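# Examining the three-dimensional arrangement
Given next are the chains, with one letter for each unit.
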Amino acid sequence: MADAVTMKDFAESEMMPLRLHAKTEIAQDIFLFELAPREPGDLPAFTAGSHILVRAPNRLSRRYSLCNDPADRSRYLIAVKREAAGRGGSVSMAEDTAVGDELLVSPPLNYFALDPDAASHVLIAGGIGITPMLAMMRELKAKGADFRLIYCSRSPETTAFLEDLSDPAFAGRILVHHDHGDRERSLAIGPLMAVRPEGAHVYCCGPRPLMQAVRDVTRHWPSTAVHFEDFGTSVSAAPGGDQPFSVRLAKSGRTVEVPAGVSILEALRRDDVVVPSSCESGTCGACRTTLLEGIGDHRDFVLDEDEQDDAIMICVSRAKCGTLTLDI
Ligand code: FES
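Reading the values: the criteria
- Residues numbered from 1 in each chain as written.
- Predicted model: local features only at pLDDT ≥ 70, side-chain atom pairs only at ≥ 80, totals over all residues.
- Heavy atoms only, no water.
- Pairing = 2+ DSSP bridges.
- Helix = DSSP H or I, 4+ residues; strand = E, 2+ residues; numbered from the N terminus.
- Axes fitted to C-alpha atoms, helices over the stretch in contact; angles between N-to-C directions.
- Contact = heavy atoms within 4.5 Å.
- Expected span 1.5 Å × (residues − 1).
- Buried < 20%, exposed > 50% of the residue type's maximum accessible area, 1.4 Å probe, protein only.
- pLDDT = per-residue confidence, 0-100.

### Quick look at the sheet that holds strand E8 (residues 147-153)
Spatially, E9-E8-E7-E10-E11 is the arrangement adopted by the five strands of the open sheet, whose pairing is parallel. The sheet is open, and its two edges are formed by strand E9 (174-178) and strand E11 (226-229), each paired on a single side. Here the strands of the sheet are splayed against their neighbours by 15 degrees on average, with no regard to which way each runs. Pairing analysis gives five bridges linking E8 to E9, with the strands arranged parallel. Its bridge partner being in E9, Cys152 is matched across the sheet by His177. Packing of helix H2 (residues 130-143) onto the sheet brings it into contact with strand E7 (120-126), E8, E9 and strand E10 (200-205), and relative to E7 it is tilted by some 155 degrees. Docked against the sheet, helix H5 (residues 208-217) engages E7, E8, E10 and E11, running at close to 160 degrees with respect to E10.

As structure tokens, this is what we get:
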């Protein structure tokens, strides 16, 4: 999956130039990119669920999940969905690149790793969110682990990797559902998740409505068994757009203004307040902060409802009031 804007960038010196060896349109507006060193050799290793940051020709950096088998270190495979309404990174990747080009690529990072202690794995993908699931399926298959995939997309024409998924090794493990753009025909996730098999973990990557649906129907699952990846693309804005607000830092007594369109985390950074963070998309839990006063506008996929009065994920969540007081 792709197109993050909140994640911290890499310096050019930290990135590798990789050659675009192949570029194929594998579904409507979805392109598979094969990136490899100019001279054959091993790339930095990765685990299923990892992504890389890629600098598009228009110099915007975008994150893309690696979808090849983690055991294959000769190349990185990513799929890019051309998002005409996006900020231009995916369009530049789709339109301004050609086989033979060199692209700057970061080492792999993983905020969406498989839990080695899970007894079984339920993978739920929406649209281009299938990409990390492919690597996961390959890793799980190699380990002989128990898994199944639920893959929702609009139509067969917009569904990437159908051929890969027809591998006999995956037979009986995959449910593909097309809604044909009609919300009335969305897959009913609830009945599929009503009973948690002992030790099962669920992993979801896709548009926010799907992730929200999975969040809602797994409220009775332990939160540590439910994993999300979205790269910050689908954080919901309030109707009418984000409003500015203030954050009071209880320990120092300082107040930091959070403008519209800027996260609390970023506003603190600009004020030289150092706080931990990792995914910066509301999915990993690293930026969890104690909320002492105020009402949070919670947009993350970490906190349960009963935790939201006292905690906030400052990388994505905002305020429903003028001032939040944080235990910082
Ligand atoms: S940095 Fe991952 S949830 Fe905020």
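### Section: the pairing of strand E1 (residues 16-27)
Two elements, E1 and strand E6 (residues 102-105), share four bridges in a ladder whose sense is antiparallel. The residue of E6 that forms the bridge with Leu18 is Leu103. Alignment of E1 against strand E2 (residues 30-36), held across seven bridges, turns out to be antiparallel. The partner of Lys23 across the bridge, within E2, is Phe33.

### Side note on H2
For H2, with 14 residues, the first-to-last C-alpha span of 20 Å sits near the 20 Å given by 1.5 Å per residue. With respect to burial, H2 is a largely interior element, 11 of its 14 residues being buried. Of the residues making up H2, those classed as buried are Ile130, Thr131, Pro132, Met133, Leu134, Ala135, Met136, Met137, Arg138, Glu139 and Leu140. Positive backbone phi, at 70 degrees, marks Gly144, one or two positions downstream of H2.

### Notes on the confidence of the model for the protein
For the protein, per-residue confidence averages 90 on the pLDDT scale, and 94% of positions sit at 70 or higher. The least confident element of the protein is H5, whose mean pLDDT is 88; the most confident is E2, at 98. Ignoring residues within four places in sequence, the model shows residues 1-8, a span with pLDDT below 50, making 40 contacts including any to other chains. Here residues 232-237 scores under 50 on pLDDT; set against residues more than four positions off or in separate chains, the count is 16 contacts.

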